[in-house]
Amino acid sequence: MGVLPRSFYARDPVVVARDLLGKNVRHGAVVLRITEVEAYRWPGDTACHARSGRTKRNDALWGPPGRAYVYLCYGLHHMLNVVTMDEGVAAAVLIRSCELIDGRSVVRRRRGGVEGPSLLTGPGKIAQALGIDVSFSHRPLYRQGGLVLEHGPPPERMLAGPRVGIDYALDEHRVLPWRFASGDTKWVSHPAGLAPVQF
DNA sequence: CACAGGATCGTT
DNA sequence: ACGATCCTGTGT
């Protein structure tokens, strides 16, 4: 399978997010098909980590497109983001859920023997299944051999809705449909908030 | 220097 | 509904 080129990511995160549905994330023997994503960008989005400026923690978010931005959430879970837009602009897509394509034994071991969609529905589970942490921030996702994103067929149907866990940002951006998911699978977290949309 | 809270998850 | 767990941003 071909690796997504750097140019794929040099676009608006909302567009990149929708295009990421159906693409594969590969790390070693583990291959996951992306089923749910969320877009974040600054300025104009108070939920974006860039809201209080460029820091050591969110530096990758402002960096060149096609790299990883991984941060620690609640002191426990790692969140994998794909950086979009050009250097100097803070924008990214959070990978929230996937289907299992390959590397079943490795994923089950890392996830504690969980079965079914609960294996990979939720951003913390994705990073755990892939075996990545904050040290993966800034790493290119278009270099064969490491953590890479590869081409894959888009879903037949697409769903959209408000982003999950953004209730503290009680502004207009709360209702922006910046969460996207495949309509063809049960491997999606919080299906209730989603409704069909056109590509 | 102290402290509050978070793009979550798994259990109660 | 709640606790785990740790780093950052903010305030004194």
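Residues numbered from 1 in each chain as written. Chains lettered and ligands numbered in written order. Predicted model: local features only at pLDDT ≥ 70, side-chain atom pairs only at ≥ 80, totals over all residues. Heavy atoms only, no water.

With respect to helix α1 (residues 13-20)
Next up, step 1: Listed in full, the buried residues belonging to α1 are Pro13, Val14, Val16, Ala17 and Leu20. For α1, the angular spread of buried residues about the axis comes to 160 degrees, placing them on one side.
Next up, step 2: Packed against the buried residues of α1 are β2 (30-42), β5 (90-102), β6 (148-150) and β8 (179-182).
Next up, step 3: For α1, the N-terminal capping position is held by Asp12, with its side-chain oxygen 2.8 Å away from the main-chain nitrogen of Val14.
Next up, step 4: Gly22 occupies a position one or two residues after α1 and carries a positive phi of about 95 degrees. (Buried < 20%, exposed > 50% of the residue type's maximum accessible area, 1.4 Å probe, protein only. Helix = DSSP H or I, 4+ residues; strand = E, 2+ residues; numbered from the N terminus. Arc of directions from axis to C-beta. Contact = heavy atoms within 4.5 Å. Polar contact = N/O pair within 3.5 Å; in protein donor to acceptor, adjacent residues only side chain to side chain.)

Concerning unusual backbone geometry
Next up, step 1: With an omega of 5 degrees, the peptide bond running from Trp42 to Pro43 counts as cis.
Next up, step 2: Looking at where Pro43 falls in the secondary structure, it is placed in the loop between β2 and α2 (59-62).
Next up, step 3: Even without a glycine there, the phi angle at Tyr74 is positive, about 55 degrees.
Next up, step 4: Within the fold, Tyr74 resides in the loop between β3 (68-73) and β4 (77-83).
Next up, step 5: The exposure class assigned to Tyr74 is exposed, which follows from its relative accessible area of 74%.
Next up, step 6: Notably, His138 is not glycine yet its phi reads approximately 75 degrees, a positive angle.
Next up, step 7: Relative to the assigned elements, His138 resides in the loop between α4 (123-130) and β6.
Next up, step 8: A relative accessible area of 36% places His138 in the partly exposed class.

Concerning the protein's contact with DNA strand C
Next up, step 1: Within the structure, DNA strand C sits among Ser52, Thr55, Arg57, Leu72, Tyr74, Gly75 and Leu76.
Next up, step 2: In DNA strand C, atoms within 4 Å of the protein come from the sugar-phosphate backbone in 68% of cases.
Next up, step 3: At 3.0 Å from a phosphate oxygen of DNA strand C is found a side-chain nitrogen or oxygen belonging to Thr55.
Next up, step 4: Looking at the surface near DNA strand C residue by residue, the classes come out as 3 nonpolar, 3 polar and 1 charged. (Near = heavy atom within 4 Å. Nonpolar A, V, L, I, M, F, W, Y, C, P; charged D, E, K, R; others polar.)

A short note on the pairing of β8
Next up, step 1: Here β8 shows no split at all, with Arg179 and Ala181 on one side and Phe180 and Ser182 on the other all buried.
Next up, step 2: Two elements, β2 and β8, share 3 bridges in a ladder whose sense is antiparallel. Among the inter-strand pairings, Glu38 is bridged to a residue of β8, identified as Arg179.
Next up, step 3: Alignment of strand β7 (residues 158-161) against β8, held across 4 bridges, turns out to be antiparallel. Across the sheet, residue Ala160 finds its bridge partner in β8, namely Phe180. (Pairing = 2+ DSSP bridges.)

Describing the side chain of Arg33
Next up, step 1: Its place among the elements puts Arg33 in strand β2.
Next up, step 2: In this structure the side chain of Arg33 is engaged in a polar contact, spanning 2.6 Å, whose partner is the backbone oxygen of Pro153.
Next up, step 3: If we skip the residues at most four places from it in the chain, Arg33 touches Gly22, Lys23, Asn24, Ser97, Cys98, Glu99, Ile101, Pro153, Pro154 and Pro155.

A look at the pattern of salt bridges
Next up, step 1: For the structure shown, the criterion picks out 13 salt bridges.
Next up, step 2: Across the pair Arg96 and Glu38 runs a salt bridge, and its minimum N-O distance is 3.7 Å. Of this pair, Arg96 sits in strand β5 while Glu38 sits in strand β2, and the two are 58 residues apart along the sequence.
Next up, step 3: Note that Arg108 and Glu115 form a salt bridge whose closest N and O atoms lie 3.3 Å from each other. (Salt bridge = Lys/Arg side-chain N within 4 Å of Asp/Glu carboxyl O.)

Side note on the packing of aromatic side chains
Next up, step 1: In this structure the tally under the stated criterion is 2 aromatic pairs.
Next up, step 2: Over the ring of Phe8 we find Arg11, and its NZ or CZ is 4.8 Å from the ring centre.
Next up, step 3: The ring centre of Phe136 lies 3.8 Å from the NZ or CZ of Arg139, which sits over that ring. (Phe/Tyr/Trp six-rings, centres within 6.5 Å; stacked < 30°, edge-to-face > 60°. Lys NZ or Arg CZ within 6 Å of the ring centre and 35° of its normal.)

Any functional reading would require information beyond the geometric quantities listed.
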